[in-house]
Amino acid sequence: GGDCSMVQDQLSGVEELHATHGAFAAILKSGQVVTWGHADYGGDSSMVQQQLSNVLHVQASFGAFAAITGDGQVVTWGDADSGGDSRAVKEQLQKVQ
């Protein structure tokens, strides 16, 4: 996760930075999230990128990230065994603060 050269131009206005075992996620002032590093550890958020707007907080586990958006949605990505797949509990993850 140490090579951010592919996203370097997107890393302006970083408010928070979070890490899994092999990836990083940066929350920008705009509320967008930029990720890089090993895809198996959450470095590739392309599958959920459209949902990652107005992000207020990101939490990292060993291999996954969870983001809370301004409308209370929880968006997860990364290794499913580390919490990166929350589809089974999506209905319970509404209006989270």
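This text goes with the structure placed above it.
Calculation criteria
- In this numbering scheme, every chain counts its residues from 1 along its sequence in written order.
- Reporting of local features is limited, given that this is a predicted model, to residues whose pLDDT is at least 70; pairs of side-chain atoms are given and counted only at 80 or more, and all residues count toward the totals for whole chains, interfaces and linings.
- Based on all heavy atoms of the structure, the side-chain values leave hydrogens and waters out of the count.
- Pairing of aromatic rings covers Phe, Tyr and Trp, the last through its six-membered ring, and needs centres within 6.5 Å; plane angles under 30 degrees mean stacked, over 60 mean edge-to-face, and all others mean tilted.
- Secondary structure elements are defined from DSSP: runs of H or I of at least 4 residues count as helices, runs of E of at least 2 residues count as strands, and each element is numbered from the N terminus.
- Partly exposed describes any residue whose relative accessible area lies between the buried limit of under 20% and the exposed limit of over 50%, with all areas from a 1.4 Å probe on protein chains only and scaled to the type maximum.
- A pair of strands is treated as paired once DSSP finds two or more bridges between them.
- Salt bridges, as used here, are contacts in which a Lys or Arg side-chain nitrogen is within 4 Å of a carboxyl oxygen on Asp or Glu.
- We call two residues contacting when some pair of their heavy atoms lies within 4.5 Å.

A. Looking closely at the packing of aromatic side chains. Per the stated rule, a full pass over the model turns up 3 aromatic pairs. Taking 5.5 Å as the distance between ring centres and 25 degrees as the angle between the ring planes, the aromatic pair formed by Phe-24 and Trp-36 counts as stacked. Taken together, the positions of Phe-24 in strand S2 (residues 23–28) and Trp-36 in strand S3 (residues 33–37) put the pair 12 residues apart, joining distant regions of the chain.

B. Seen up close, the pairing of strand S5 (residues 64–69). With 5 of 6 residues buried, S5 lies mostly within the body of the structure. Bridge count between strand S4 (residues 55–60) and S5: 5 bridges; the pairing is antiparallel. Residue Gln-59 lies in a different strand from S5, and its bridge partner there is Ala-66. Counting the residues that bridge the hairpin from S4 to S5 gives 3 residues. Bridge count between S5 and strand S6 (residues 74–78): 5 bridges; the pairing is antiparallel. Paired with Ala-64 across the strands is Gly-78, a residue of S6.

C. Representation of the pattern of salt bridges within the structure. Applying the stated criterion across every chain yields a total of 1 salt bridge. With its nearest N and O atoms 2.6 Å apart, the salt bridge here joins Arg-87 to Asp-85.

D. Highlighting the environment of Phe-62. Topologically, Phe-62 is positioned in the loop between S4 and S5. As a C-alpha pair, Phe-62 and Ala-23 span 39 residues in sequence and 9.6 Å in three-dimensional space. Those residues within four positions of Phe-62 in sequence are excluded, and the remaining contacts are Thr-20, His-21, Tyr-41 and Ser-82.

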